[in-house]
Amino acid sequence: MNERGNTLINVLVTTLVFTVIGMSIIASTIGGAKRTELRESEISVTFEAMKAVDEFVTNLSIQLDQIDISLIQANAFSTQISEWIKNFIETASQEKSFMECMYVIDLSGETATYVGEEPPSACGEENLNARSTFHIDSDFTKVYELVLVTKNPNNHEGNVKKTIRKRLFLSPIPSFLKYAVGTNNELYLNGSPHIVGNIYSPKLTIQEDANYYLTNGMKKEVSTPFPSVYGDIYTNSIDVVQSLTKDQFYQQQMPKIKHESRFVPIQFDETIKQQGEKMLEDVGITFSITDEITSSLQTAIEQQFGLEGLSWSSVADIFGLEEPTDQFFLINRDVAGPLKIPGDLYISSTIESVLTFDDLIVDGDVWVIGNGPINFSNIISTGNVHFINEGGKLNIFGNIVSSGQIHIESRNNLTIEGNLFASDEIAFRPLNGDIRVNGTLVTFGNLEIKGDANDPSQENDQMIVDSVMYVNGETQISNVNILGSNNQEKQLILLSKDKLTITRINEFTNFQNSQEPELYDGIPLDDQIKPLKAFFYTENKAELYGVGSLFYIHGGLFAKNVLEINAVRGEVDDITNVQTMTISQQNNRLSRFNVIYNKDVLLQRIDALPQVKHVSLFADEVFIE
């Protein structure tokens, strides 16, 4: 009896144990299935939400293409966009069961606000007033943040909640400013340039060999790795889409190829004429720009400022003159009030106190030689304007207008706060010093920006700018750093009708560590290599070399005709050593030609840019919380 009782107990215990184990296995299996089901639901909902965000961006871009901002008021533009956003969100909320809510925040002005309908309190921002904004004072420039909060459409599967954010920049800028590198015609990427940002081209050729020139002018080529692109390639050509393969890109990291049919080119001739005439009007000159600009502008200045028939006697007392003269000298002496000069004017300062001049209107050439500080207002000349700053600090708080040339050379600090207009060339020579330009520039000749070719160590010749420059001729830039003013927050936008040449930038200089970091995000970091903070555009062609030079552009490059970029990777101390460089030696090394797109251009100096009829949309990265 005891044995049978013990046996029964053992059977019951064993049965219970196996039952518990079985139930645990079943529970674990069910739990795992639920977790798998929940994970699948999470992936599905997130995917659908991303599609909804893309749908919003695409449709908003189409809507912007339908609004001609030249025909409406700024408040009408804001009203139309706000109404469109409201309607889109209402429709999406009814059709998309995975969507808890969608809303848009306007970050453009002084404080953050909702666009359209305010979201439910449980779904919106906890502290909207605390959001940082961009403080933009431009009617058609907006910074929006699109927010989509998800929910699980099938309640029994658990709670799947994600918050997706995407920042959108709306700006009336020319299309070329949306790309890091591009052309309306042909783009050649020879060797291994490094591009962080999007590319636009209807014709794209990628070659493994980079071209370069020896000091005797002989053209050579060297094999390199392929280009690296951290962005997308936009094109309106099916040939480009079909021809590109991953074997044509650095370490076979192929970018996405996207179709772009809404590219709008600028009208350069019309734009530079409008900008020039507006600039002259701002200083009191009514003038219509023609091909005979030099002589006709001289006549306009003489007539409109009453210089015709003006004699030396009208200013004799100011200069202490006793005899007639064709030239007037101001040495260590300031003059109050506007001054009209009927001949060439020479100004020199050698004292420590500041010389101050109000408006100078000169029927001749102007020469300023500074060994001491001098402040100017407007300078208007029927001849050439020359600044030679040896050791003083020169400030031009107004505008410079010349019916000839403007030449500015500085070995110390020289600042131009106003605009510059010249019917002939403009040349800047920052020689071991800084030249600051904070206004718009228009020249109907060439533009040269050249530093000292014989700097003892690293490049110390600097243009510090917040400027849009229009050049009706060629542009040449060499041996100079171009930095944005206001601690690199600003930048240069340079548009040239003729050829753009940029040479000898950080020549035979190397990154302190040319090895690519293990976790490389595409942005080279080096305290000694200062980026050119600029967007460069030419109506003609540009041919650029990152071989002996080390290019680092924080902005963009665009040529309406042909853009050719040549680059190698690694260290180059002498141009004759390039021929011995191998592909294996260059792999995992930083490129010597780097373009890093700067989207801040979408928000700056809109009034000075070429006018367009439609607002463009630039979508930033997506963030999922």
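In what follows, the accompanying structure is described.

Considering the overall build of the protein chain
Step number 1: Across its full length, the protein chain carries 8 helices and 44 strands.
Step number 2: By its C-alpha atoms, the protein chain is 145 × 65 × 50 Å across when sized along the principal axes.
Step number 3: At a minimum sequence separation of 6, the contacts of the protein chain that also span at least 24 residues come to 55%.
Step number 4: Accessible surface computed for the protein chain: about 28800 Å², of which carbon and sulfur atoms make up 46%.
Step number 5: Looking at the protein chain, you have 46 positive and 83 negative side-chain charges, and the mean spots of the two groups are 9 Å apart.

Structural notes on the environment of N190
Step number 1: For N190, the position within the fold is in strand β6 (residues 186-191).
Step number 2: With 188 residues separating them along the chain, N190 and N378 place their C-alpha atoms 47 Å apart.
Step number 3: Beyond its immediate sequence surroundings of up to four residues, N190 is in contact with Q207, D209, A210, N211, E564, I565, N566 and A567.
Step number 4: Side-chain polar atoms of N190 contact the side chain of Q207, separated by 2.9 Å.
Step number 5: A polar side-chain atom of N190 sits 3.2 Å from a polar atom in the side chain of E564.

Quick look at the sheet that holds strand β2 (residues 113-115)
Step number 1: Strand order across the open sheet formed by 5 strands is β2-β1-β3-β4-β44, with antiparallel pairing between neighbours. Of all the strands in the sheet, just β2 and β44 (616-624) have a single pairing partner and so form its edges. Mean inter-strand twist for the sheet, computed between neighbouring axes without regard to direction, equals 30°.
Step number 2: Relative to β44, strand β4 (residues 163-171) runs antiparallel, the two sharing 7 bridges.

Things to note about the sheet that holds strand β27 (residues 413-416)
Step number 1: The 7 strands lie next to each other as β18-β21-β24-β27-β30-β33-β36, forming an open sheet whose pairing is parallel. Taken across any chain shown, the strands that pair with only one partner, and hence form the sheet edges, are β18 (355-356) and β36 (481-484).
Step number 2: Strand direction decides the pairing type here: β18 and strand β21 (residues 374-376), joined by 2 bridges, are parallel. Bridging from a neighbouring strand, L355 pairs with I374 of β21.

Focus on the state of the cysteines
Step number 1: Under the definition given, this model contains 1 disulfide.
Step number 2: Between the sulfur atoms of C101 and its disulfide partner C123 the distance amounts to 1.6 Å. Residues C101 and C123 are joined by a disulfide whose S-S torsion is about -65°; by sign, that bridge is left-handed. Note that C101 is positioned in strand β1 (residues 99-106) and C123 in the loop between β2 and β3 (142-150), a separation of 22 residues in sequence. For the pair formed by C101 and C123, the shared burial category is buried.

Side note on helix α2 (residues 74-95)
Step number 1: The end-to-end C-alpha distance of α2 is 32 Å, a good match for the 32 Å that 22 residues give at a rise of 1.5 Å each.
Step number 2: Regarding α2, the residues found buried are A74, F77, I81, W84, I85, F88, I89 and A92. The arc enclosing the buried residues of α2, seen along the axis, measures out at 130°, which places them on a common side. Turned more than 90 degrees away from the buried face of α2 sit N75, T79 and Q94, all of them exposed.

Some points on the packing of aromatic side chains
Step number 1: Applying the stated criterion across every chain, the model contains 24 aromatic pairs.
Step number 2: Aromatic pair F56 and F88: ring centres 5.2 Å apart, planes at 85°, arrangement edge-to-face. Taken together, the positions of F56 in helix α1 (residues 2-65) and F88 in helix α2 put the pair 32 residues apart, joining distant regions of the chain. F88 matches F56 in its accessibility class, with the two residues each being buried.
Step number 3: The lysine or arginine in question, R569, covers the ring of Y250, its NZ or CZ lying 3.7 Å from the ring centre.

Concerning the pattern of salt bridges
Step number 1: Summed over all chains, the structure comprises 21 salt bridges.
Step number 2: The residue D232 makes a salt bridge to K258 at a minimum N-O spacing of 3.0 Å. Placement of D232 in the loop between β12 (228-230) and β13 (233-235) and of K258 in strand β14 (residues 257-259) is noted, with a sequence separation of 26 residues between them.
Step number 3: For K258, a relative accessible area of 31% translates into the label partly exposed.
Step number 4: The salt bridge involving K278 is made with D282; its shortest N-O contact spans 3.5 Å. One end of the pair is K278 and the other is D282, both in helix α4 (residues 268-282) and 4 residues apart, which spans about a single turn.

Let's talk about the side chain of E564
Step number 1: With respect to the helices and strands, the residue E564 is situated in strand β42 (residues 562-567).
Step number 2: Despite its burial, E564 pairs with no opposite charge, the nearest such side chain being K219 at 5.0 Å.
Step number 3: Within the structure, E564 has its side chain in polar contact with the side chain of N211 (distance 3.4 Å).
Step number 4: Sequence-distant contacts of E564, that is, excluding residues within four places in its chain, are made with Y188, N190, N211, A542, E543, L544 and Y545.

Some details on the pairing of strand β20 (residues 366-370)
Step number 1: Because side chains alternate across β20, one face comprises the buried residues V366, V368 and G370, and the other comprises W367 and I369, none of which is buried.
Step number 2: Where strand β17 (residues 344-349) meets β20, 5 bridges bridge the pair, whose relative direction is parallel. In the sheet register, I347 faces β20, and the bridge partner there is V368.
Step number 3: The pairing of β20 with strand β23 (residues 385-389) spans 5 bridges and is parallel. When the sheet's bridge partners are listed, G370 is paired in β23 with N389.

Considerations on helix α5 (residues 293-304)
Step number 1: Helix length check: α5, at 12 residues, gives a terminal C-alpha distance of 16 Å against a target of 16 Å (1.5 Å per residue), a fit within 8%.
Step number 2: For α5, the full list of buried residues reads I293, L297, A300 and I301. For α5, the buried positions fall inside an angular range of 95° around the axis, keeping them on one side.
Step number 3: In this structure, the buried residues of α5 make contact with α4, β22 (379-381), β25 (400-402) and β28 (420-422).
Step number 4: Within two residues after α5, G306 carries a phi angle of roughly 65°, on the positive side.

Parameters and conventions
Residues numbered from 1 in each chain as written. Predicted model: local features only at pLDDT ≥ 70, side-chain atom pairs only at ≥ 80, totals over all residues. Heavy atoms only, no water. Helix = DSSP H or I, 4+ residues; strand = E, 2+ residues; numbered from the N terminus. Contact = heavy atoms within 4.5 Å. Areas by Shrake-Rupley, 256 points an atom, 1.4 Å probe, with all protein chains shown as cover. Lys, Arg positive; Asp, Glu negative; His and termini not counted. Charge placed at Lys NZ, Arg CZ, Asp CG, Glu CD. Polar contact = N/O pair within 3.5 Å; in protein donor to acceptor, adjacent residues only side chain to side chain. Pairing = 2+ DSSP bridges. Axes fitted to C-alpha atoms, helices over the stretch in contact; angles between N-to-C directions. Disulfide = S-S within 2.5 Å. Buried < 20%, exposed > 50% of the residue type's maximum accessible area, 1.4 Å probe, protein only. Expected span 1.5 Å × (residues − 1). Arc of directions from axis to C-beta. Phe/Tyr/Trp six-rings, centres within 6.5 Å; stacked < 30°, edge-to-face > 60°. Lys NZ or Arg CZ within 6 Å of the ring centre and 35° of its normal. Salt bridge = Lys/Arg side-chain N within 4 Å of Asp/Glu carboxyl O.

Remember, this is a structural readout, not a statement about activity or role.
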